[in-house]
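# Working through the structure, step by step
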Amino acid sequence: MAKAAKDNNTLLVIPNAGADAITGPMCSPNIVRSSFSNWQPGYAMGVVAGQKGVKRAMTITWAYAAGTESTKGFTEGLEKGGGKVTKDLTLPFPNVEFQALLTEIAAQKPDAVYAFFAGGGAVKFVKDYAAAGLNKTIPLYGPGFLTDGTLEAQGAAAQNMLTTLHYADNLDTPKNNSFRKAYAIAYKAQPDVYAVQGYDAAQILANGLKAVGGDLSKRDQLTAAMRKTPVDSPRGKFTISTAGNPVQDIYLREVKGNNNEFRSVAVKALADPARGCKL
Amino acid sequence: MDLATFLVQCLNAVQYGLLLFLVASGLTLIFGIMGVINLAHGSFYMLGAYLAFALAPWFGDWFVTRLVVGVALAAIFGYLLEWAFFSFLYERDHLQQVLLTYALILVFEELRSLLVGNDVHGVPAPSWLGGGFRLGGLMEYPWYRVFASAACLVVALALYAVVQKTRLGMMIRAGASNRDMVRGLGVDIRRLYRIVFAGGVALAALAGMIAAPLSSVYPNMGASVLIICFVVVVIGGIGSITGALVASLLVGFVDTFGKVFFAEWSGVGIYLLMAIVLIWRPEGLMKRGF
């Protein structure tokens, strides 16, 4: 879709898709993302792992773009902190038979494991990891997607897990509190990171429209304003890089009950390196 | 890889293989006895898993009761489904069977979405099967997985007993080799097929119920199981239950050790195995007839 938008010069605001390429080789002035790049949470987790003294880590994920980009980010962050990834385990997407690889992890005994899975795979992996008793000796790290929307299914297996993401449910800021309240009243449910991203996508578009007074024909001014205006988001204030990706704080969260609770800022104002972007 | 790790991987392979057998046995029964390609088989597996999720709050720790009730419900569902749809398929060609059963997959997925929603849900294992035992210094092995493997073995033995040693089994085997002769001998072949179909659905649902605490329930969970099932049935020989057992264990080993040695190429390994078997022995490893 990014390619189609780029070729046709159509305005595209992306509220979720994290592929690095969208603000990398595919970047374009008319494409803006309000979410994240797969690299960002991974890099932040790697930095945290390095600070915790992890020297040898293993990564495990599905063999597809989101997985490899996330684990590459983790590897970069960890190497900054003096650690290294000894082995990258992958399995075909969407295979969820993890036992063989869990046994591999148990045999290699790394200091930590970084996993990227989403949806049903995330639930199964976290549960299998705990059932194998590995969570007692080898900490499991991951981006927020490992524990977002899955905590009810994962239950006790996910408790006290540390993950990194550009949002945490209980950020105590006026903007987040009012956002969560208004969302709960309007939709009778609690918002999650996807709701925040959608909300911010609209905010970015609104910023651009305000700058041109609603005149869509002033396209260049519109896209420039969308990029230049800082966004006041429930996740905190963030700016947008030249490549079109949020430059944002990545938070360290811990699972407590059915929530991912904010613990600290893992990396402040983290920008995706936008490798391959010619803007 | 040291000996301890190797033995644990063998254990993983056997456990995965046995669970595959439970799902595939239903498919091979339906395919082999009735000649119907049932693409909706993965949906019955999903039905079992969602049944486990739905019945869990009502039955708590009465796990075996929950299994029995679930299997009974699935069997009734299968009986009705056969009467409503599949009974029209026996005289038709395979393409029409594929079309109908594929449509059923879509219908079941939408029904699931309407009735239960699209979220991922966990199914707790009963507390008396919780925890695990240590495998050397390596890792813990959950008791529930041991139970799942044992349950699959029990079902395999029960299937063998029913098919080889009972009158019903004899009629099933006869109906598979010569349908018209059996009808000519006064056996109600339509009712027989209905019972076999209900049995196949019940087996798939049982597999789903047993696997639910391990895999959790999520949309489209039937799809990947379905494909592996067909691979197992083709390798083992269509209609052969012993073949399905041997093939499931083979697939379990190829998948487990493939993951360790070949990473993401392990996905190719299973299909490569199927291709080799098809070239070497097109009818499968075991001949039809259990």
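Residues numbered from 1 in each chain as written. Chains lettered and ligands numbered in written order. Predicted model: local features only at pLDDT ≥ 70, side-chain atom pairs only at ≥ 80, totals over all residues.

Now for the overall build of chain A. A tally of helices and strands in chain A yields nine helices and eleven strands. Here the C-alpha radius of gyration of chain A, 19 Å, is about what a compact globule of 279 residues would show, namely 19 Å. Seen through its principal axes, chain A has C-alpha atoms that stretch 60 × 40 × 30 Å. Sorting the 279 residues of chain A into buried and exposed places 52% on the buried side. (Helix = DSSP H or I, 4+ residues; strand = E, 2+ residues; numbered from the N terminus. Rg over C-alpha atoms; globule rule 2.2 N^0.38 Å. Buried ≥ 20, exposed ≤ 12 C-beta atoms within 10 Å, placed from the backbone.)

Turning our eyes to something else, we now look at the pairing of strand β10 (residues 246–256) of chain A. On any regular strand, side chains alternate: one points to one face of the sheet, the next to the other face. All names here are of chain A. Note that strand β7 (residues 162–165) and β10 share four bridges and pair antiparallel. Counted as the bridge partner of L165 is Y251 from β10. Bridging between strand β9 (residues 236–240) and β10 involves two bridges; their strand directions are antiparallel. From the neighbouring strand, I240 faces β10, where its bridge partner is P246. Counting the residues between successive antiparallel strands, the hairpin from β9 to β10 contains five residues, one of them, G244, with a positive phi of roughly 100 degrees. Pairing between β10 and strand β11 (residues 259–270): eight bridges, direction antiparallel. Bridge pairing links R253 to F262 in β11. As consecutive antiparallel partners, β10 and β11 are separated by two residues, and within that stretch G257 has a phi angle of approximately 65 degrees, a positive value. (Pairing = 2+ DSSP bridges.)

This paragraph deals with the nonpolar core. By size, the foremost hydrophobic cluster in this structure holds 148 residues, and its most contacted members are V113(A), A49(B) and V232(B). No other element matches the 17 residues that helix α8 (residues 189–215) of chain B contributes to this core. Other than its neighbours up to four places away in sequence, A49(B) contacts G208(B), M209(B), A211(B), A212(B), V217(B) and M221(B). Residues A2(A), M226(A), V231(A) and C277(A) belong to the second largest nonpolar core, which totals 16 residues. (Core = buried A, V, L, I, M, F, W, Y, C linked by C-beta atoms within 7 Å. Contact = placed C-beta atoms within 7 Å.)

Contacts between the two partners involve 26 residues from chain B, matched on the other side by 29 residues from chain A. The greatest single-element share of the side of chain B that touches chain A, amounting to five residues, is contributed by helix α1 (residues 3–34) of chain B. Considered class by class, the residues forming the side of chain B that touches chain A number ten nonpolar, twelve polar and four charged. (Nonpolar A, V, L, I, M, F, W, Y, C, P; charged D, E, K, R; others polar.)

Residue and element names in this part refer to chain A. If you check the domain split of chain A, you get domain 1 (2–36 + 170–270) and domain 2 (39–165). A C-alpha centroid distance of 25 Å is found between domain 1 and domain 2. Contact residues are listed per partner, giving 17 residues for domain 1 and 24 residues for domain 2. Broken down by secondary-structure element, the contributors of at least two residues to the side of domain 1 that touches domain 2 are β10 and β11. Residues belonging to the side of domain 1 that touches domain 2 are distributed by class as follows: ten nonpolar, three polar and four charged. (Domains from an automatic or database assignment.)

Moving on: helix α10 (residues 241–262) of chain B. Look at α10(B): 30 Å from first C-alpha to last across 22 residues, which is about the 32 Å you get at 1.5 Å a residue. Among the residues trailing α10(B), A263(B) stands out with phi positive, at a value near 50 degrees. (Expected span 1.5 Å × (residues − 1).)

Now for unusual backbone geometry. The omega torsion across F93(A) and P94(A) is -5 degrees, close enough to zero to call that bond cis. When you line up the elements, P94(A) lands in the loop between β4 (84–91) and α4 (99–108). A positive phi is found at K188(A), a non-glycine position, where the angle reads about 55 degrees. Judged by the 7 C-beta atoms lying within 10 Å of it, K188(A) falls in the exposed class. Of note, S216(B) is a non-glycine position whose phi angle comes to about 60 degrees, a positive value. By secondary structure assignment, the location of S216(B) is in the loop between α8 and α9 (221–236).

What follows is about helix α5 (residues 120–131) of chain A. All names here are of chain A. Here α5 is twelve residues long and its end C-alpha atoms lie 16 Å apart, about the 16 Å a rise of 1.5 Å per residue gives. Counted residue by residue, α5 has twelve buried out of twelve residues, so it is predominantly covered. Buried residues of α5: G120, G121, A122, V123, K124, F125, V126, K127, D128, Y129, A130 and A131, and no others. Following α5 by one or two positions, G133 adopts a phi angle in the positive range, close to 75 degrees.

Let us look at the confidence of the model for chain B. Residues and elements named next belong to chain B. For chain B, per-residue confidence averages 88 on the pLDDT scale, and 99% of positions sit at 70 or higher. Helix α7 (residues 179–184) is the least confidently modelled element of chain B, averaging 78 in pLDDT, while helix α4 (residues 94–115) averages 92, the highest of any element. Reported confidences for the modelled complex are a pTM of 0.89 and an ipTM of 0.86. (pLDDT = per-residue confidence, 0-100.)

Moving on to the packing of helix α2 (residues 39–51) of chain A against helix α3 (residues 65–80) of chain A. All names here are of chain A. Viewed as axis vectors pointing N to C, α2 and α3 meet at an angle of 30 degrees, and their least axial separation amounts to 6 Å. Compared by their axis directions, α2 and α3 come out roughly parallel. Crossing of α2 over α3 shows right-handed handedness. Together, W39, Q40, G42, Y43, A44, M45, G46, V47, A49 and G50 of α2 and E69, S70, T71, K72, G73, F74, T75, E76, G77, L78 and K80 of α3 make up the contact between the two elements. Residues of the contact of α2 with α3, tallied by class, amount to eight nonpolar, nine polar and four charged. (Axes fitted to C-alpha atoms, helices over the stretch in contact; angles between N-to-C directions. Parallel < 35°, antiparallel > 145°, perpendicular 65-115°, else oblique. Left-handed = near helix turned anticlockwise from the far one by under 90°.)

Okay, the pairing of strand β3 (residues 56–62) of chain A next. Residue and element names in this part refer to chain A. Burial analysis of β3 places six of its seven residues in the buried class, the great majority of the element. Bridging between β3 and β4 involves seven bridges; their strand directions are parallel. Bridging from a neighbouring strand, R56 pairs with K84 of β4. In this structure, β3 lies alongside strand β5 (residues 112–116), joined through five bridges in parallel fashion. Among the inter-strand pairings, T61 is bridged to a residue of β5, identified as F116.

Here we take up the environment of V162(B). Residues and elements named next belong to chain B. Counting through the fold element by element, V162 comes out in helix α5 (residues 143–165). Residues V162 and I172, spaced ten residues apart in sequence, show a C-alpha to C-alpha distance of 9.9 Å. Ignoring sequence-local partners within four residues, the contact set of V162 consists of L168 and G169.

Below, the discussion takes up the packing of α5(B) against helix α6 (residues 167–177) of chain B. Residues and elements named next belong to chain B. Running from N to C, α5 and α6 cross one another at 75 degrees; their axes reach a closest spacing of 5 Å. Accordingly, the angle class assigned to the pair α5 and α6 is roughly perpendicular. Contact residues: α5 offers V162, V163, Q164 and K165, while α6 offers L168, G169, I172 and R173. Each residue belonging to the contact of α5 with α6 can be placed in one class, and the counts come to four nonpolar, two polar and two charged.

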